[in-house]
Amino acid sequence: MNMTAEQEKLALELIHNSPPGSALAAAKEFGVDLTLLISTLRLSPTERARALSESSTIFDVAKQLQFTE
Amino acid sequence: MTKLEETVSVLYDSEVEFVLIGGAAMGVQGSAHLTKDIAFCYERTAKNIEPLARALQPFHPPLRGAPAGLPFQFDAKTIAAGMNFTLTTDLGDVNFLGEVSGLGAYKEVLASSEKKSIGGIDCPVLNLDGLIKAKEAAARPRDLYVLPELRGLAGLKKKTGLE
């Protein structure tokens, strides 16, 4: 099931105002861009799987560039 | 491109017992990390090893990083004699692990999984608690690096009731 509008609102609130001492606050402190999670959580598992497959091409492109430089 | 949806379909159609683990499981759970390979934990029984070998055969699975010309057959005998296999196939880079650090063998990994619909298939995917345990146990720099995001994601899902 995809994220509902209500869940997205709550998620954004938690990301922007992470409770002190929470895992979200620790992730933010570590440098994780938590807003990226909103994009992924909007997707269904199938859409996430497809996005992963598509993004894996970036490694092939990077490898080719490395060999041609 | 590594074909996650197709690989899951191939294994499912061949009735292979598996759990999606590693970076691909992280991605399906909602992590924003990218990964090039797909990893599965498989059950190491003769009943499961045969269909696993048969399922991968059409996709030409040589060992990844092995010298060219090294004789290698991903068949039932080879799988039974080994444990973890990193393969480059026509489906992309695919890994099959008999055990997962911090969790154990297939049955323990399955107990830490949840079904996610991938292309209409109910695919067992390692859950966030399982992923966190596995990463904590492996404890390589690359594993420790993803832990804050996984813990944050787990907290976010718990508080919002997201699956």
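Residues numbered from 1 in each chain as written. Chains lettered and ligands numbered in written order. Predicted model: local features only at pLDDT ≥ 70, side-chain atom pairs only at ≥ 80, totals over all residues. Heavy atoms only, no water.

1. Here's the deal with the overall build of chain B
Stage number 1. Helix and strand counts for chain B come out as seven helices and eight strands.
Stage number 2. Taken over the C-alpha trace, chain B has a radius of gyration of 16 Å; the compact-globule value for 163 residues is 15 Å, and the two agree within 12%.
Stage number 3. Across its three principal directions, the C-alpha atoms of chain B cover 50 × 35 × 30 Å.
Stage number 4. Looking at chain B as a whole, 50% of its 163 residues are labelled buried.
Stage number 5. At a minimum sequence separation of 6, the contacts of chain B that also span at least 24 residues come to 61%.
Stage number 6. By element, 53% of the accessible surface of chain B is carried by carbon and sulfur atoms, the whole surface being about 7,400 Å². (Helix = DSSP H or I, 4+ residues; strand = E, 2+ residues; numbered from the N terminus. Rg over C-alpha atoms; globule rule 2.2 N^0.38 Å. Buried < 20%, exposed > 50% of the residue type's maximum accessible area, 1.4 Å probe, protein only. Contact = heavy atoms within 4.5 Å. Areas by Shrake-Rupley, 256 points an atom, 1.4 Å probe, with all protein chains shown as cover.)

2. Focus: helix α7 (residues 141–160) of chain B
Stage number 1. With 20 residues, α7(B) extends 30 Å between its outermost C-alpha atoms, agreeing within 8% with the 28 Å of an ideal straight helix rising 1.5 Å per residue.
Stage number 2. On its buried side, α7(B) packs onto α1 (5–16), α2 (23–30) and α3 (35–41) of chain A together with α2 (22–29), β7 (113–118) and α6 (128–138) of chain B.
Stage number 3. One or two residues past the end of α7(B) sits G161(B), with phi positive at roughly 75°. (Expected span 1.5 Å × (residues − 1).)

3. Focus: the nonpolar core
Residues and elements named next belong to chain B.
Stage number 1. Core analysis: the largest hydrophobic core is formed by 65 residues, its most contacted members being L4, L11, L20, F40, L52 and F96.
Stage number 2. Considering each element in turn, this core owes the most residues, six residues, to α7.
Stage number 3. Apart from residues no more than four positions distant in its own chain, F40 is found in contact with T7, V8, L11, F18, V19, L20, I21, V94, N95, F96 and L97. (Core = buried A, V, L, I, M, F, W, Y, C linked by side-chain atoms within 4.5 Å.)

4. Quick word on empty space enclosed by the protein
Think of a ball as big as a water molecule: rolled over the atoms, this probe shows where empty space is left.
Stage number 1. This structure, assessed with the given rule, holds one cavity of 30 Å³ or more.
Stage number 2. What the largest cavity holds in volume is close to 50 Å³.
Stage number 3. Taken together, L52(A), S53(A), S56(A), T2(B), L4(B), A24(B), T35(B), K36(B), D37(B) and I38(B) form the lining of the largest cavity.
Stage number 4. For the lining of the largest cavity, the per-class residue count stands at four nonpolar, four polar and two charged. (1 Å grid on protein atoms, 1.4 Å probe; cavity = no way out; pocket = protein on both sides within 12 Å on 5 of 7 lines; lining within 4 Å. Points joined across faces, edges and corners; volume = space filled by probe spheres on them. Nonpolar A, V, L, I, M, F, W, Y, C, P; charged D, E, K, R; others polar.)

5. What to know about the pattern of salt bridges
All names here are of chain B.
Stage number 1. In total, this model carries nine salt bridges over all chains according to the counting rule given.
Stage number 2. Salt-bridge contacts for E114 lead to K116; the nearest nitrogen and oxygen are separated by 3.5 Å.
Stage number 3. The partly exposed category is assigned to E114, whose relative accessible area is 29%.
Stage number 4. Residues joined in a network through salt bridges with shared partners are K135, R140 and D143. (Salt bridge = Lys/Arg side-chain N within 4 Å of Asp/Glu carboxyl O.)

6. Observations regarding the interface of chain B and chain A
Stage number 1. Listed by partner, the interface residues are 34 residues for chain B and 32 residues for chain A.
Stage number 2. Summed over both partners, the interface of chain B with chain A comes to about 2,800 Å²; 71% of that surface belongs to carbon and sulfur atoms.
Stage number 3. At the junction of chain B and chain A, the tally comes to one salt bridge.
Stage number 4. A salt bridge links R50(A) to E5(B); the nearest nitrogen and oxygen atoms lie 2.7 Å apart.
Stage number 5. Those elements giving two or more residues to the side of chain B that touches chain A turn out to be α1 (4–13), α2, β7 and α7 of chain B.
Stage number 6. Broken down by element, the side of chain B that touches chain A gets its largest block of residues, 10 residues, from α7(B). (Buried area = accessible area lost by both parts, 1.4 Å probe.)

7. Structural notes on the pairing of strand β4 (residues 92–97) of chain B
Stage number 1. Summarising burial for β4(B): five of the six residues are buried, a large majority.
Stage number 2. With antiparallel pairing between neighbouring strands as the criterion, strand β3 (residues 85–89) of chain B and β4(B) make up a hairpin whose turn holds two residues. (Pairing = 2+ DSSP bridges.)

8. Observations regarding the layout of surface pockets
Stage number 1. By volume, the largest pocket is sized at about 660 Å³.
Stage number 2. G22(B), K135(B), R140(B), R142(B) and D143(B) are the residues nearest the centre of the largest pocket, which is lined by 27 residues in total.
Stage number 3. Mapped onto the lining of the largest pocket, the elements with two or more residues apiece are α2, β4, β5 (99–100), α6 and α7 of chain B.
Stage number 4. As a volume, the second largest pocket reaches approximately 310 Å³.
Stage number 5. Lining the second largest pocket are 16 residues, and of these D129(B), A154(B), G155(B), K157(B) and K158(B) sit closest to its centre.
Stage number 6. Among the secondary structure elements, those contributing two or more residues to the lining of the second largest pocket are α2 of chain A together with α6 and α7 of chain B.
Stage number 7. A total of six residues in the lining of the second largest pocket trace back to one element, the largest contributor, which is α7(B).

9. Considerations on unusual backbone geometry
Residue and element names in this part refer to chain B.
Stage number 1. The backbone of E15 sits at a positive phi, close to 60°, despite the residue not being glycine.
Stage number 2. Within the secondary structure, E15 is located in the loop between α1 and β1 (18–21).
Stage number 3. Accessibility expressed as a relative area gives 65% for E15, which makes it exposed.
Stage number 4. Here A139, not a glycine, exhibits a phi torsion of approximately 55°, which is positive.

Any functional reading would require information beyond the geometric quantities listed.
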